[in-house]
Structure formats: structure tokens, C-alpha cells
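# Survey of secondary and tertiary structure
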Amino acid sequence: MQKIAVVTGASSGIGAEIARGLARKGWRCVLVARREDRLRALADETGGEIEVCDVGDREAVDATAARVLARHPLIHLLVNNAGIPGRANFLNADPAAIEDVIRVNYLGSVWCLRAFLPGLEAAAPADVVNIVSVAGDVAFPPSGPYSASKHAQLAFSRSIAAQLRPRRIRVHTVKPGFIETEGFPQSWLPRPMQRLVVGPEAVAAHVLASLEHGRGETSVPRYYGIAGRLQAFLPNTFARVLGFSRRAA
Ligand SMILES: NC(=O)c1ccc[n+]([C@@H]2O[C@H](COP(=O)([O-])OP(=O)(O)OC[C@H]3O[C@@H](n4cnc5c(N)ncnc54)[C@H](OP(=O)(O)O)[C@@H]3O)[C@@H](O)[C@H]2O)c1
């Protein structure tokens with residue numbers, strides 16, 4: 001029997017690469033996002049299915065999950081990857097943009113997990129991958145609202161990891177660093193930091209390995225884990241350094 005994966009944010013970047021990687025391993029992917037043309041092209045390429053849905057719209061997510069579960073009562077994997085950038089700080093960001101990052105990046109993962117849970121429980125052992133961010137560990141002032149959305153998504157991911165374990169659903173919390181994608185171009189980074197940027201294929205390979213080896217919470221590339229530990233152990237020093245940085249203004 002072909003295993004079924006639901007991948008949100010599959011129309012570009014990390015989500016598209018995860019879907020390609022899963023398809024190469026024989027999975028059938030239900031590709032979820034808002035841009036239908038992009039989803040259709042990837043579905044043709046990978047032999048998948050598409051569902052056009054705004055993950056931040058709870059009713060739309062419930063309706064989408066009902067359609068998918070009618071076709072596939074067993075869901076073996078949910079990848080909560082859909083997300084938007086928030087390149088503005090708390091002091092001058094448009095209020096609607098602050099609401100949007102929370103609605104999509106955090107609540108989108110919550111609504112998708114709740115809507116697809118019956119399928120995951122029916123298929124158990126099953127897996128959930130939450131694509132969070134190093135910004136879930138580290139608060140970066142120029143994109144404070146985005147960091148806050150990823151902090152919330154990280155707390156969600158850690159909470160459900162503990163809660164779903166007895167139900168034989170493993171949660172993989174993946175925290176990427178700087179990844180070059182359409183929504184997150186990294187050209188703004190100073191030249192010395194450009195060497196930290198990797199492509200979305202690296203995240204997809206990491207996710208597949210995490211599924212294979214049953215890993216819990218990880219950073220990709222692995223060295224970004226240091227940033228989270230520094231923020232946790234030296235929060236005041238961290239705030240002072242970021243306060244001096246011109247980028248933090
Ligand atoms: N790139 C990085 O540096 C980086 C680092 C850490 C974490 N991340 C996280 O990785 C995830 C994927 O980002 P990416 O870098 O691959 O960016 P991307 O290429 O812009 O992809 C974002 C995906 O999310 C979808 N999406 C956005 N809003 C949506 C909504 N309301 N409903 C459904 N789908 C929606 C987009 O599709 P549509 O526009 O078609 O809906 C697209 O498929 C995000 O959660 C992001 O926060 C990225």
C-alpha cells in the first residue's frame with residue numbers, strides 16, 4: 001500500500017523539495033498551498049494530488065481535510081511547512097502583517113494538525129514534521145513578529161510531541177537556518193554570512209533522514225543549534241549585541 005503524506009506549502013521552496021524527496025521514496029503526496037498552477041505542475045511531476053487551501057483559514061483547512069480523509073482515511077505523514085516571512089519589526093510593522101504571520105506560521109500548523117489527526121491516528125505509527133526555524137529559538141529584532149510566530153510554533157511542536165507520543169505519532173521539529181527560497185531570499189545577508197546559506201534540498205534531505213532515524217528536535221544545518229543555546233543561556237548578552245547591531249534598528 002502506498003503511504004500518504006500531506007505537505008503544506010508545497011508550491012515552492014522547502015515544501016516542494018520535501019514532496020519531491022518523498023515521491024522519490026514511493027510516497028503519494030497531497031500537495032497543499034494557495035497557488036494552484038504551481039501545485040498542479042508539481043503534482044504532474046511527482047504523481048501527487050493537489051488541494052488549494054489557505055492554512056490560516058480554519059474552516060478552509062477543515063473542509064480540505066474532510067475531502068482528503070474521504071479519499072485517504074489513513075494519513076501516514078503530515079508536514080506542516082507553509083509559512084510566510086515577516087520582514088518588519090514590532091514598532092512599525094503593519095498590524096495586518098503581524099496578524100498574518102501568526103495566522104499562517106503558527107495557527108496554520110495547529111489547524112492542520114487538528115484536522116488531519118483522525119487520519120494520523122488511524123494510520124499510527126505515523127509522523128508529523130513541523131518546519132519551524134532557528135527564529136523559533138532566537139528573537140531577531142528586525143523581524144520580531146516572524147520570530148514570535150516561530151516561537152509559538154516551536155512551543156506547539158514541543159507540546160504535541162509529548163502528547164502524541166503515547167498515540168504512536170512521532171513529531172519531528174525541524175529548525176532551518178538561512179535557506180535560499182522564493183519567499184526568503186538571503187541576498188540581504190552580509191558577504192561573510194552568505195556561506196551559511198544552503199538550498200531547500202538540504203532541508204528536504206534532513207527531513208527524510210529525520211523520518212528514517214526517528215529524530216525529534218533538530219537544527220539544519222546542525223551548527224545553528226549553537227544560536228539557540230546562546231540565546232537560552234546568555235539572553236541579556238544576546239540582547240545587548242543585537243541592540244548594537246545596525247541591522248537591529
Ligand atoms: N527559507 C528560510 O530561510 C527558512 C528558514 C527557516 C524556516 N523556514 C520556514 O520554512 C517554511 C517554508 O518556507 P520556504 O523558505 O520554502 O519559503 P517559500 O518558498 O516562500 O514557500 C512557502 C510556502 O508556503 C506556502 N504558503 C504561504 N502562505 C500560505 C497559506 N496561507 N496557506 C497555504 N500555504 C501557504 C506558499 O505557497 P502559496 O503562496 O502558493 O500559498 C509556499 O508553498 C516556512 O514555514 C518558513 O518559515 C524558512
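See above for the structure.
The paragraphs below set out a description of the structure included in this document. Everything quoted here is computed from the prediction, not taken from an experiment. (Residues numbered from 1 in each chain as written. Predicted model: local features only at pLDDT ≥ 70, side-chain atom pairs only at ≥ 80, totals over all residues. Heavy atoms only, no water.)

## Concerning the pattern of salt bridges
Convention followed: Any carboxyl oxygen of Asp or Glu within 4 Å of a side-chain nitrogen of Lys or Arg constitutes a salt bridge here. We count a stretch as a helix when DSSP gives it H or I for four or more residues in a row; a strand needs E for two or more, and each element gets its number in order from the N terminus. Burial here depends on accessible area, computed with a 1.4 Å probe over protein chains only, as a share of the maximum for the residue type. Under 20% is buried, over 50% is exposed, and the range in between is partly exposed.
Summed over all chains, the structure comprises 17 salt bridges. The shortest N-O distance in the salt bridge between E36 and R40 comes to 2.5 Å. Within this pair, E36 and its partner R40 are both found in helix α2 (residues 36–46), separated by four residues, close to a single helical turn. Exposure remark for E36: the relative accessible area of 38% places this residue in the partly exposed category.

## Some words on the nonpolar core
Basically, it comes down to this: Residues belong to one nonpolar core when they are buried, are Ala, Val, Leu, Ile, Met, Phe, Trp, Tyr or Cys, and are joined through side-chain atoms within 4.5 Å. The criterion used for residue contact is that any of the two residues' heavy atoms lie within 4.5 Å.
Counting residues in each nonpolar core, the largest one holds 31 residues, and the members touching the most others are V6, I75, L78, L113, F116 and L120. Put simply, the parts of the chain that give this core at least two residues each are β1 (4–8), β2 (28–33), α3 (58–71), α4 (95–123), β5 (126–131), α5 (144–164) and β6 (169–176). With 10 residues, the top contributor of residues to this core is α4. Ignoring any residue separated from it by four or fewer positions in sequence, one finds L78 in contact with V6, C112, L113, F116, L120, D127, V128 and V129. Listed in part, the 28 residues of the second largest apolar core include A16, A19, A204 and L208.

## A closer look at the sheet that holds strand β3 (residues 49–52)
The strands that make up a sheet are held in pairs by hydrogen bonds between backbone atoms, and each pair lies either parallel or antiparallel. Inclusion rule: Two strands pair if DSSP finds at least two bridges between them. Axis definition: a line fit to C-alpha positions, over the contact stretch in the case of helices; interaxial angles, taken between N-to-C directions, run 0 to 180 degrees.
As summarised here, the arrangement of the seven strands in space is β3-β2-β1-β4-β5-β6-β7, forming an open sheet in which the pairing is parallel. Sheet topology places β3 and β7 (217–220) at the edges, where each strand pairs with a single neighbour. Looking at each pair of strands side by side, their axes are set apart by 15 degrees on average, direction ignored. In this fold α2 packs onto β2 and β3, with an angle of close to 165 degrees to the strand it touches most, β3. Across the sheet, α3 is in contact with β1, β2 and β3; its angle to β3 comes to roughly 160 degrees.

By themselves, these are just geometric observations and shouldn't be taken as functional.
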